[in-house]
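Secondary and tertiary structure notes
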Amino acid sequence: MILTVTPNPSLDRTYEVPSLDRGEVIRATGDRMDPGGKGVNVSRAVAAAGARTLAVLPLGGAPGALVDQLLDEQGIKVAPVWVAGQTRSNIAVAEPDGTLTKINAAGPELTSAEAELLLSAVRERSAGADWIACCGSLPRGLAPSWYADLVARAHAAGARIALDTSGPALLAALAERPDVVKPNAQELAEAVGRPLSTVGDAVKAAEELRASGARAVLASLGADGQILVDDSGTYFGSAPVDAVRSNVGAGDSSLAGFLIAGGTGRAALASAVAHGAAAVQLPGSAMPTPADLAPDAVTVTSEVPLDRVLTEPAS
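Residue positions are given per chain, counted from 1 along the sequence in the order it is written. In keeping with the model being predicted, local features are shown solely for residues with a pLDDT of at least 70 and side-chain atom pairs are shown and tallied solely at 80 or more, while totals for entire chains, interfaces and linings include all residues. Excluded from the side-chain calculations are hydrogens and water; all other atoms, namely the structure's heavy atoms, are used.

Within an unreviewed UniProt entry, the label attached to the protein chain reads 1-phosphofructokinase, and the organism entered is Streptomyces longisporoflavus.

Spelled out as structure tokens, the structure:
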């Protein structure tokens, strides 16, 4: 069972448009509404794969109630912590060439009492969890050390932690040795304080995060694939994608695939790549089912192409 923690969930509306023309009236060719937030997306991907999951998250107001309802309709068990503020609503606009424009709201400000209630909910629900996936940005009111506190408490209870966040929250949590961290290329560059131009640059940055405390680093490199650096070695995985429809939640789907497959080694990386490649070919933040996956198209190798220039260098 994979328990997810989403401190700043959202209600996500995605519109597909022929083109995004500023100042014009645009008629959408498709739209969907989904419960959002990185941890929520991990739970949705785990559920779509047929595995067990439980989502712990703060919810508030009418948007929060709708997130709760949508998750229930998808068969996902929810452990809500009801807060005074309203859950944020986000908008994404997807163009045919794969360009995605996102407008993310700040979300509510949590009180110290609500922050402690969220930690308590994780502790109370974590018994029997194979992994606890802590994902996304921290809402206002939570200090950058909040994730570090959660990792320390979870480890004290014998749980394994996957952490997908960035900035000061990521750096603060490294000292508590999360079992795996999952940055994208931009977040990886930010963490080490320098640009990344090649796959080799990304590998070196991942090794630095391990030296700072992360036990493993699973890094998404966009169209170039993913890398995994852990105790078993360094691996590079990739898969062909016919057409990118939306990359919303693709990284979260990758993390779900990684954890479902055990969360370590090349087999887990292959699962992560398969899930991520499938997700970008689906609309909005739809999560792939086993029928959407193409595991035979995935390539994983320990012969990492260190000199390969990244399609989208990170600065």
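1. Digging into the packing of aromatic side chains
Two aromatic rings from Phe, Tyr or Trp, using only the six-membered ring of Trp, form a pair when their centres are within 6.5 Å; if the ring planes differ by under 30 degrees the pair is stacked, by over 60 it is edge-to-face, and anything between is tilted. Under the counting rule described, the total for this entry stands at one aromatic pair. Relative to Y147, the ring of W146 lies with its centre 5.7 Å away and its plane at 65 degrees, an arrangement referred to as edge-to-face. Only protein chains enter the accessibility calculation, which uses a 1.4 Å probe; a residue whose area is less than 20% of its type maximum is buried, one above 50% is exposed, and one in between is partly exposed. On the basis of relative accessible area, Y147 is assigned to the buried category, the value being 0%.

2. Some points on the nonpolar core
The nonpolar side chains of a soluble globular protein tend to be buried with one another. Among the nonpolar cores identified, the biggest contains 55 residues, and L3, I132, W146, L196 and I227 are the most heavily contacted of them. Contacts are assigned to residue pairs that have any heavy atoms within 4.5 Å of one another. Each residue touching I227, except ones within four places of it in the same chain, is listed here: V199, A202, V203, A206, V217, L218, A219, L221, Y235, F236 and L269. Here the nonpolar core consists of buried residues drawn from Ala, Val, Leu, Ile, Met, Phe, Trp, Tyr and Cys, with membership extended through side-chain atoms lying within 4.5 Å.

3. Quick notes on the pairing of strand β12 (residues 217–220)
Here a helix means four or more residues in a row that DSSP labels H or I, a strand means two or more in a row labelled E, and each is numbered from the N terminus. By the alternation rule, side chains of β12 split into V217 and A219 and L218 and S220, which are all buried. If DSSP finds at least two bridges between two strands, the strands pair. Count of turn residues in the β12/strand β13 (residues 226–230) antiparallel hairpin: five residues, of which G222 carries a positive phi of about 60 degrees.

4. Examining the UniProt feature "domain: Carbohydrate kinase PfkB" (unreviewed entry) in the protein chain
UniProt positions are given in the numbering used here, feature names are shortened, and annotations may be inferred rather than shown by experiment. The UniProt record marks residues 16–290 with the feature "domain: Carbohydrate kinase PfkB" (unreviewed entry), using the residue numbering of this structure. Secondary structure across residues 16–290 divides into 38% helix and 22% strand, with the first and last C-alpha atoms of the span separated by 25 Å.

5. Description of the pattern of salt bridges
Definition used for salt bridges: Asp or Glu carboxyl oxygen within 4 Å of a side-chain nitrogen of Lys or Arg. Under the criterion given, the structure shown has eleven salt bridges. R32 is paired through a salt bridge with D34; the nearest N and O atoms lie 2.8 Å apart. The class of D34 is buried, set by a relative accessible area of 2%. For D149, the salt bridge is made with R153, and the minimal N-O distance between the two is 3.2 Å. Here D149 and its partner R153 are both found in helix α4 (residues 146–156), four residues apart, which amounts to about one turn of the helix.

6. Structural notes on the packing of helix α1 (residues 38–48) against helix α8 (residues 250–260)
One can describe the packing of α1 onto α8 by two numbers: an axis separation of 8 Å at closest approach and a directional angle of 55 degrees. Of the possible angle classes, the one that applies to α1 and α8 is oblique. For the pair α1 and α8, the crossing hand works out as right-handed. Contact with α1, carried on its side by K38, N41, V42, A45 and V46, involves D252, S253, L255, A256 and I260 of α8 and no other residues of that element. We call Asp, Glu, Lys and Arg charged. Ala, Val, Leu, Ile, Met, Phe, Trp, Tyr, Cys and Pro are nonpolar, and the rest, Gly among them, are polar. By residue class, the composition of the contact of α1 with α8 is six nonpolar, two polar and two charged. For helices, the fitted axis covers only the stretch in contact; all axes are lines through C-alpha atoms, and the angles between them, taken along N-to-C directions, range from 0 to 180 degrees. When describing relative orientation, an angle under 35 degrees is termed roughly parallel and one over 145 degrees roughly antiparallel, while 65 to 115 degrees is termed roughly perpendicular and anything else oblique. Crossing chirality is assigned from the near helix's rotation relative to the far helix, an anticlockwise turn below a right angle marking it left-handed and a clockwise turn marking it right-handed.

7. Topic: the environment of E187
Counting through the fold element by element, E187 comes out in helix α6 (residues 185–192). Among all residues touching E187, those that are not within four sequence positions of it are D164, T165, S166 and K182.

8. What to know about the packing of α6 against helix α7 (residues 199–211)
Following both chains from N to C, one finds α6 and α7 inclined at 55 degrees, their axes separated by 10 Å at the closest point. Here α6 lies oblique to α7, going by the angle between them. Considering how the two elements wind past one another, α6 and α7 form a crossing that is left-handed. In this structure, α6 uses L188, A191 and V192 to contact α7, whose residues at the interface are A202, A205, A206, E208 and L209. Of the residues contributing to the contact of α6 with α7, the split by class is seven nonpolar, no polar and one charged.

9. Details of α6
In terms of burial, α6 is largely enclosed, as six of its eight residues are buried. Burial in α6 covers these residues: A185, E187, L188, A189, A191 and V192. Residues adjacent in sequence count toward polar contacts only when both atoms are side-chain atoms; beyond that, a polar contact is any pair of N or O atoms within 3.5 Å, and within protein one must be able to donate a hydrogen and the other to accept it. The opening residue of α6, the one whose side-chain oxygen lies 3.1 Å from the backbone nitrogen of Q186, is N184. Immediately beyond the C-terminal end of α6, within one or two residues, lies G193, with a positive phi of roughly 75 degrees.

10. Focus: the state of the cysteines
By definition, disulfides here are pairs of cysteine sulfur atoms that lie within 2.5 Å. In the structure shown here, the tally under the stated rule is zero disulfides. This cysteine, C134, is not joined by any disulfide, and C135 carries the nearest cysteine sulfur, 6.8 Å off. Residue classification places C134 among the buried positions, given a relative accessible area of 0%. Judged by its relative accessible area of 0%, C135 falls in the buried class.

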